[in-house]
Every structure is written in C-alpha cells, then in structure tokens.
Amino acid sequence: MAQTTYLEAIRQALDEEMAHDPSVVLLGEDIGVYGGAFGATQGLLARYGWQRVVDTPISETAIVGAAIGMSYTGLRPVAEMQFMDFIACCFEQLTNFAAKSHYRWGAPVPIVVRGPSGGGVHAGPFHSANPEMYFVHTPGLKVVCPATAYDAKGLLKSAIRDNNPVLFFEHKFLYRRIKEDLPPDDYAVPLGKAAVRREGRDLTIVSYAAMLHASLEAAAALAGEGIEAEVIDLRTLLPLDRETILASVRKTNKLLVVHEDTRTGGIAGEIAAIVCAEAFDDLDGPIVRVTAPDAPVPSAPALEEGFLPNAASIADAARHLAQA
Amino acid sequence: MELTLTREQQLELYYFMRLNRALEERLDRLARQNQIVGGLFSSLGQEAISVGSAYALEPGDWIAPMVRNIGSLLVRGYKPREIFTQNMARANSPTHGRDNASHLGDLGARHVVSPISMLGDLIPVMTGVALGARLLGQKRIAMTWIGDGGSSTGAFHEGLNFAAVQHAPLVLVLENNQWAYSTPVARQVPLRDLADRARAYGVTSAIVDGNDVLAVYRAAKQAADQARAGHGPVLIEAKTMRMRGHAQHDPAEYVPKKMKEYWKARDPIARYERALTAGKLWSACEKREIDARIERELDADVAFAEASPMPGAKEAGEIERGVYCEGCHEIAPQWQRPKDELLPPKSVVDARWTVTDFGALEERVPVKRVTHSKAAKFSKARRARG
C-alpha cells in the first residue's frame with residue numbers, strides 16, 4: 001500500500017469525518033472547485049456538494065464568524081485559513097467570540113480552524129509564521145500542532161469531534177515531505193496528550209511540528225557521540241501535557257525546549273516555568289531553549305536558514321547541556 | 001402590506017414597549033443605589049425598534065440582541081428577573097455572574113445568541129446561524145441589530161457581503177440613533193441614509209421610522225418573510241434617537257438641546273398610546289391595568305433579584321469552571337431534512353463553476369453571475385425583484 005503524506009492524512013480525516021457525520025461542513029477560500037491552495041480539500045466538493053463545502057469571499061472574519069454561528073445550530077464547521085498567518089484577520093472572532101462563549105453563557109463552539117503554518121519554504125513574512133502562541137494565551141481555545149501524518153489525521157478527527165474551538169496548525173514544510181503507513185480503520189489521537197518519540201537518559205528535548213523532526217535528527221547524531229536524548233512531541237500546546245514533560249525531566253534531569261516560533265513568549269518559557277515550579281530539585285542544569293530569533297520570518301533562503309533552528313543548532317545546544 | 005395584527009397583539013406591543021421602558025427605569029434606580037455591575041446602556045426612545053422587530057419573528061427563529069435590545073429579549077420570552085439578576089451579576093443570573101448587561105443567550109428554546117462588546121461581530125455569526133438553519137432544512141431566519149456606529153466596522157461589511165453572496169436568511173436591523181457615543185452620524189458616515197450600505201452588497205434594504213412601532217413591525221415582517229422564502233438578507237434602517245448618553249455615566253451634553261426636544265416630541269410610546277386611543281383599541285382603564293400589571297411584575301422581580309445571592313469564588317477551581325465544554329453539552333442538530341441528501345451518492349456534484357458572464361464591459365448582458373445550480377435559483381428570484 002502506498003504511504004500517506006501528512007497532507008493526504010489531513011484530506012482523509014476531513015473526508016472520513018464528512019462521510020460519517022453530515023453535520024461536518026467546510027468553509028474557506030478556494031477550498032471547493034480548486035480544492036484548497038495546498039489541496040487539503042481536494043475532491044470534497046464533488047463528493048459532498050455545494051452546501052457542505054463552501055467557497056467564501058476573502059473574509060476571514062466572516063469565515064470564522066459564520067463557522068461559530070453554524071456551530072450554534074449544532075453543526076461542526078471546519079474553517080480553512082489559506083495560510084495561518086491570515087488568522088490575525090479573525091483574531092477577534094476567535095479570542096472574543098469563540099473562546100469566551102462557553103464560559104460566558106454556556107454555548108459550546110465546536111469548530112476547527114485549520115491551515116498551514118511554519119517556514120522552510122521561502123514564503124516570506126506573511127506566509128511562514130507560527131502564530132500559535134497568541135491562542136495558547138487564550139483560555140477557551142485548544143491548540144494542536146501535529147508532527148506526523150498519523151497524528152495529523154488522528155488529531156484532526158479528535159478536533160472535529162471536540163465540543164470546543166480548536167485551532168489546528170498544520171506545518172506546510174511537512175505536507176509532502178512526511179509519509180507513513182496509516183491504519184486502514186478509523187482511529188483518533190486524543191487532544192492534550194504528548195508522545196515520547198525517542199527514549200533517552202541524558203537529557204529531554206521537547207518540541208513539536210517540524211522541529212520535532214529536526215530534534216529527532218539531532219538526537220540520532222548525539223547517540224553516535226554517546227549522548228542519549230529523550231525526545232517529546234507535544235502534539236497539543238493547549239491543553240499542555242505537563243505530566244509527560246515532568247516525568248521525562250525527572251528521569252533525565254535536563255531540559256531543552258525547541259520551537260520554530262520566535263523566542264519571547266514562546267511555549268518554551270511556559271514549559272520552563274512549569275518545570276521550575278514542579279521539578280526544580282530534579283534539574284541538573286539550566287533549562288535551555290532553541291528557537292527562532294525575535295524577528296519576522298525573512299524571505300531570502302539564506303536569511304530564512306539563519307532564522308530557523310535546525311538539527312545542528314539543536315545538537316550543539318544539547319551537547320552543551322549534556323556536558324553541563 | 002396590510003396590517004394584520006389583532007387588537008390583542010397591538011396591546012401586546014404596547015405591553016412590551018412599556019415593560020421595556022419601565023424595566024429600564026428600575027435598572028436606572030438600581031444603578032443609583034450601586035446595585036448594577038458594569039455599564040448600563042439605556043434604550044430610552046428606541047423601544048419601538050427592539051419590540052416591533054422581534055415581534056415579527058416566528059418561535060423557532062434566532063436573534064442576537066445588541067446591548068440596547070432588552071425589548072427584543074422580553075419579546076423572546078426573557079423575564080424581567082433574568083435581566084435584573086444579569087445586570088446585578090447575581091449567582092442565579094443567566095450567566096451566573098460571569099458577564100453583565102444584555103450579554104446573555106440561550107441555545108435552547110429561545111434561540112438567543114449572546115452579543116459581545118465588539119460591534120459588528122454578530123453579523124457574520126448570525127449569517128452562520130442562518131446558513132446552519134438552512135442546511136439543517138429548518139425554515140428559520142436569524143435577526144440581529146447594529147447601530148450607526150457599528151456599521152463602520154470591518155465585521156459589518158464582511159458579514160453583510162457574505163450573507164448576500166450566500167443568500168442567507170438574515171434580517172439586519174440598523175438602528176440609526178444618530179450618535180456613536182459622542183460622535184454624530186455625519187462625522188462617521190458620509191451618507192444620509194445608512195440603508196445605502198446595503199446597496200454595495202446587492203442587499204435589499206428599507207428605511208423605516210424607528211419611533212413608529214407598527215411601521216417597524218411591518219418592515220421587519222416583510223423582511224423576515226423575504227428572508228424565509230430564500231430571497232436573501234434584508235437590511236432595515238430604523239431612524240431614531242438615543243435619548244440618553246452612551247451609558248449611564250455619560251450626561252451626553254454634546255447633544256444639541258433642540259435635537260433632543262425634537263425627538264422627545266416623537267417619543268415612540270407616547271405616540272403609540274395616542275394611536276391606540278385614536279383607533280379606539282383600548283380604554284383608559286385598560287391602559288391603567290396594563291401599566292399596573294407591569295409595575296407589579298417589576299416589583300416582584302426586583303425583590304427577587306435583590307434577594308438573590310452574589311456568586312462566590314470560594315470553591316477550588318470555581319473561577320476556571322466552564323472555560324471548556326467537557327462533556328457538559330450534547331450537541332445534537334435538529335435535522336428537518338433527510339440527512340442522506342448531504343451524503344454520497346445524493347450529494348455528489350460536478351465540481352465546476354458555471355461562468356455565464358465573462359466580465360467585460362462591452363456586450364454587457366442582464367446581470368448574471370458566477371454561479372452554480374442551487375444559487376442560480378436564488379439569483380433568478382433576486383433578479384425578479386430587481
């Protein structure tokens with residue numbers, strides 16, 4: 001059987017959820033006839049028709065607002081951002097309308113807002129960002145960042161079935177670069193549970209999305225030098241799986257957090273605070289972070305390469321920490 | 001259009017307007033006693049719009065009120081005690097003290113979507129409600145309100161455009177009360193009639209005297225009928241005047257005295273009372289009875305609210321409870337059509353655009369649009385209306 005790409009896994013999740021539940025509907029720009037800018041909704045209009053696959057005007061506020069409204073009638077809309085950078089256009093609908101709805105007046109908002117984020121494809125400051133932390137700072141939302149094809153499919157299914165607004169940050173660098181065999185049967189990956197991708201005793205590397213793969217590459221290189229890194233894939237940033245992180249740190253006593261998002265206010269700071277509060281006595285070294293610098297994502301290939309963390313920069317930091 | 005309201009219904013319109021005003025007088029009094037939590041936004045002078053428009057809806061329809069639409073909430077079945085406890089942030093209020101003012105809602109029987117303070121955002125949301133109801137096969141419409149000020153937000157324009165292009169069964173009531181906080185309408189919008197906003201989106205619009213409850217009712221009924229029939233959204237501009245400040249703290253000294261006097265002479269309730277009397281639809285005795293009944297209801301409900309407890313934060317985790325739905329709600333859409341219409345093989349379509357107008361100025365033919373078969377039907381109906 002042919003292996004399934006990360007992108008095809010997302011398409012399959014949408015297709016299978018739409019097939020099993022007619023209340024799942026899609027909204028977004030160019031998602032119908034065209035099948036989405038990256039093809040994540042390819043073929044779905046032909047299968048499910050104009051009422052369930054809605055091509056919208058270029059109006060992110062209307063897309064997310066309408067998704068919220070549809071969810072109040074009991075539907076489960078999935079809205080696409082053509083690029084996750086454009087989620088800034090509907091910040092208000094997400095942070096003030098969707099996020100506060102259940103708390104304020106007991107109205108659940110079972111929507112998913114999904115789309116491609118992340119850099120590595122030389123797409124410049126407006127098509128490469130990692131805007132997840134604006135929303136991790138918003139109680140009422142859930143934030144998911146899959147790193148594998150298996151997870152992309154299983155987490156998206158859980159997101160669609162969840163009764164809360166879920167922001168689903170796909171990583172466009174992984175869309176066609178990651179492939180794996182997926183089980184033929186229906187499965188879901190629960191939100192809020194991290195995965196240990198590699199076991200090790202010398203230090204813990206916590207990461208997510210594309211940086212998981214760079215972290216695993218670094219861990220493989222370090223193993224050749226006798227340094228055994230444990231690698232954790234967060235999978236969901238909100239809610240954050242504290243237990244998996246803490247259990248690993250208690251074992252390895254050292255923590256390196258890696259993310260492609262910029263440094264200040266990134267998830268690394270939050271994880272460091274949690275570990276300091278809960279496992280300070282277990283630490284045998286400083287908590288270290290490898291992140292993008294505090295800058296927009298630059299366009300030129302050489303600049304973007306300098307901006308993004310990579311296996312070498314992660315391995316350098318890990319080596320330094322392991323020897324501390 | 002003929003007015004088809006019975007005498008009882010016409011008296012009920014009076015009841016709701018009078019209840020709206022009397023209830024807000026009580027809120028005003030409670031505010032002076034420091035019993036109100038958060039801002040208090042008066043709808044004095046605008047009661048005919050809240051009441052007349054909501055009165056035109058069917059029981060299953062959806063509304064999303066703005067902060068000055070207490071009258072609409074009353075028409076949809078909210079009790080004064082709910083409004084009092086909400087504004088007093090009591091534990092038994094509709095939001096259990098988590099929000100204030102008219103920020104309340106009910107996904108259940110009353111179909112009320114709670115507003116947020118940011119203006120315009122309800123328009124895309126209620127467009128979604130309208131589209132959701134349509135997908136489920138329900139013959140329900142969505143109604144919401146916006147002010148002259150709120151009509152300048154991006155959400156207003158994105159929402160109205162999307163509603164128009166989808167022919168959503170949405171009725172938008174634009175209450176032009178002449179003032180956005182302290183800024184007169186002429187300094188906000190270079191249009192005499194805000195109904196002209198609708199023309200940019202090909203949306204049908206009407207202008208109505210917002211201080212004439214029967215005129216508002218008729219316009220809203222006609223709009224609701226059109227939306228329900230599948231002819232797309234309607235915008236109603238209701239001309240009126242905000243007779244108090246933006247909120248209770250604001251004495252509104254920026255409003256010219258003459259303007260206030262002009263509108264005071266056109267008070268919607270006094271005017272309707274005169275019409276009922278002139279039409280011999282009630283006696284002085286009947287009016288006294290309605291007014292007395294309202295005061296009795298309000299006495300009881302204010303007492304109820306005053307005796308209601310404030311919420312506490314003593315229990316561990318109390319503040320964070322309810323941020324997420326953790327299985328507390330079962331989401332079950334009310335399908336009123338066979339679901340298999342939305343599943344293959346019945347849902348299968350030819351996923352191609354039918355482009356009948358190539359867009360050039362030369363050879364312009366009567367308006368045709370990029371369309372597909374379902375929308376074509378609506379477009380035809382719209383063209384027929386001109």
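Not measured: the values here are computed from a predicted model. (Residues numbered from 1 in each chain as written. Chains lettered and ligands numbered in written order. Predicted model: local features only at pLDDT ≥ 70, side-chain atom pairs only at ≥ 80, totals over all residues.)

A few words now on the overall build of chain A. For chain A, the helix and strand inventory stands at 11 helices and 14 strands. Taking 20 Å as the expected radius of gyration for a compact globule of 324 residues, we find that chain A reaches 19 Å, a close match to that expectation. The principal-axis extents of the C-alpha atoms in chain A amount to approximately 60 × 45 × 40 Å. Sorting the 324 residues of chain A into buried and exposed places 60% on the buried side. Sequence separation of at least 24 residues holds for 81% of the intrachain contacts in chain A that already meet a minimum separation of 6. (Helix = DSSP H or I, 4+ residues; strand = E, 2+ residues; numbered from the N terminus. Rg over C-alpha atoms; globule rule 2.2 N^0.38 Å. Buried ≥ 20, exposed ≤ 12 C-beta atoms within 10 Å, placed from the backbone. Contact = placed C-beta atoms within 7 Å.)

Residue A:Pro239 is reached from A:Leu238 by a cis peptide bond, and omega for that bond is 0 degrees. Take A:Pro239: it is sitting in the loop between β12 (236–238) and α8 (242–252). Residue B:Pro345 follows B:Pro344 across a cis peptide bond; omega there is 5 degrees. Structurally, B:Pro345 is set in the loop between α11 (284–306) and α12 (373–385). One non-glycine residue, A:Ala209, lies in positive phi territory at about 55 degrees. The residue A:Ala209 is located in the loop between β10 (203–207) and α7 (210–223) in this model. With 27 C-beta atoms counted inside 10 Å, the residue A:Ala209 sits in the buried group.

Residue and element names in this part refer to chain B. Read from one edge of the open sheet, five strands run β1-β2-β3-β7-β6, paired in parallel fashion. Strand pairing shows two members of the sheet lacking a second neighbour, β1 (62–64) and β6 (204–209), which therefore form its edges. Within this sheet the neighbouring strands show an average axis-to-axis angle of 20 degrees, counted without direction. Pairing analysis gives six bridges linking β6 to strand β7 (residues 234–239), with the strands arranged parallel. Bridge assignment links Val208 to a residue of β7, and that residue is Ala238. Its contacts with the sheet place helix α2 (residues 47–54) against β1, β2 (142–147), β3 (170–176) and β7, and it is angled at close to 170 degrees to β3. (Pairing = 2+ DSSP bridges. Axes fitted to C-alpha atoms, helices over the stretch in contact; angles between N-to-C directions.)

A separate point is the nonpolar core. Counting 195 residues, the largest nonpolar core has A:Ala318, B:Met126, B:Val171 and B:Ile236 as the members making the most contacts within it. Counting residues per element, this core draws most heavily on helix α5 (residues 122–135) of chain B, at nine residues. Setting aside residues no more than four positions away along its own chain, B:Ile236 makes contact with B:Val171, B:Val173, B:Leu174, B:Ala206, B:Val208, B:Ala219, B:Ala220 and B:Ala223. (Core = buried A, V, L, I, M, F, W, Y, C linked by C-beta atoms within 7 Å.)

Attention now moves to the packing of α2(B) against helix α8 (residues 213–228) of chain B. Residues and elements named next belong to chain B. Viewed as axis vectors pointing N to C, α2 and α8 meet at an angle of 40 degrees, and their least axial separation amounts to 8 Å. When you trace α2 past α8, the crossing you get is right-handed. Here Ala48, Ile49, Val51, Gly52 and Ser53 of α2 lie close against α8, whose contacting residues are Val213, Val216, Tyr217 and Ala220. Of the residues belonging to the contact of α2 with α8, the class tally is seven nonpolar, two polar and no charged. (Left-handed = near helix turned anticlockwise from the far one by under 90°. Nonpolar A, V, L, I, M, F, W, Y, C, P; charged D, E, K, R; others polar.)

Here we take up the interface of chain A and chain B. Contacts between the two partners involve 44 residues from chain A and, on the opposite side, 52 residues from chain B. Listed by contribution, the elements that provide at least two residues to the side of chain A that touches chain B are α2 (44–48), α3 (60–72) and α4 (91–105) of chain A. When residues in the side of chain A that touches chain B are grouped by element, the largest group, nine residues, is from α3(A). Of the residues that constitute the side of chain A that touches chain B, the class distribution is 23 nonpolar, 17 polar and four charged.

The next thing to look at is the domain arrangement of chain A. Many structure descriptions define interface size as the accessible area lost when the parts assemble. Residues and elements named next belong to chain A. Assigned domains of chain A: these are domain 1 (4–180) and domain 2 (195–322). Once you take the C-alpha centre of each, domain 1 and domain 2 turn out to be 26 Å apart. The interface is formed by 25 residues belonging to domain 1 together with 23 residues belonging to domain 2. If you list the elements that add at least two residues to the side of domain 1 that touches domain 2, you get α5 (132–136), β6 (142–144), α6 (149–161) and β7 (166–171). Across the side of domain 1 that touches domain 2, the residue classes break down as 14 nonpolar, eight polar and three charged. (Domains from an automatic or database assignment.)

Following the sequence through the fold, B:Gly149 ends up in the loop between β2 and α6 (154–165). For B:Gly149, a count of 19 C-beta atoms within 10 Å translates into the label partly exposed.

This next bit is on the domain arrangement of chain B. According to the domain assignment, chain B consists of domain 1 (7–306) and domain 2 (349–385). In this structure, domain 1 of chain B and domain 2 of chain B have C-alpha centres spaced 36 Å apart.

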